[in-house]
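Notes for the structure review
Residue strings, one per chain:
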Amino acid sequence: MLIKSHKAAYAAFGKAHHELGGSSRDHYRASREEERALLAICAHPAVREGDRLAKARYLLEIEARGELDLAEQLQALLRSTIWKG
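Residues numbered from 1 in each chain as written. Predicted model: local features only at pLDDT ≥ 70, side-chain atom pairs only at ≥ 80, totals over all residues. Heavy atoms only, no water.

This paragraph deals with the packing of helix α2 (residues 24-43) against helix α3 (residues 49-64). Running from N to C, α2 and α3 point in directions that differ by 140°, and their axes come no closer than 10 Å. Taken as axis vectors, α2 and α3 run oblique relative to one another. For α2 against α3, the interelement crossing comes out left-handed. For the pair α2 and α3, contact is made by L38, I41 and C42 and by K55, Y58, L59 and I62, respectively. Residue composition of the contact of α2 with α3, grouped by class: six nonpolar, no polar and one charged. (Axes fitted to C-alpha atoms, helices over the stretch in contact; angles between N-to-C directions. Helix = DSSP H or I, 4+ residues; strand = E, 2+ residues; numbered from the N terminus. Parallel < 35°, antiparallel > 145°, perpendicular 65-115°, else oblique. Left-handed = near helix turned anticlockwise from the far one by under 90°. Contact = heavy atoms within 4.5 Å. Nonpolar A, V, L, I, M, F, W, Y, C, P; charged D, E, K, R; others polar.)

Quick look at the pattern of salt bridges now. Inspection of every chain in the model, using the stated rule, returns four salt bridges. Between E33 and R36 there is a salt bridge whose closest N-O contact spans 2.5 Å. You can see E33 and its partner R36 sitting in helix α2, three residues apart, about one turn around the helix. The partly exposed category is assigned to E33, whose relative accessible area is 40%. In this structure R36 comes out as partly exposed when scored by relative accessible area, which is 43%. (Salt bridge = Lys/Arg side-chain N within 4 Å of Asp/Glu carboxyl O. Buried < 20%, exposed > 50% of the residue type's maximum accessible area, 1.4 Å probe, protein only.)

This brings us to α2. Three- or four-residue spacings in an α-helix give side chains the same orientation, since the helix completes a turn every 3.6 residues. The terminal C-alpha atoms of α2 lie 28 Å apart, and with 20 residues this matches the ideal 28 Å at 1.5 Å per residue to within 8%. Listed as buried for α2 are A30, S31, E34, A37, L38, I41 and C42. Along the long axis of α2, the arc covered by the buried residues comes to 145°, so they all point the same way. Turned more than 90 degrees away from the buried face of α2, the exposed residues are R25 and Y28. (Expected span 1.5 Å × (residues − 1). Arc of directions from axis to C-beta.)

Moving on: the environment of E35. Note on placement: E35 falls in helix α2. Sequence separation between E35 and A9 is 26 residues, and the spatial gap between their C-alpha atoms is 8.5 Å.

This is the structure in structure tokens:
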């Protein structure tokens, strides 16, 4: 569900970025939504193997595009691996 949410936010950001006449406010808002959605994926403590694989594969795709580069994303990703049992 988080991956679908990020894909939608990423598409909206791309649309806002490429639309002629789109305001900078629309672009900024879409950018922030996309960052929040990606941060939610990073922070998600995937417990089941399938969830871990989906999270890892998706984040590797994002990183390959050079878009997994904020310190807060890395911190959230690392915190998501800490056992809280």
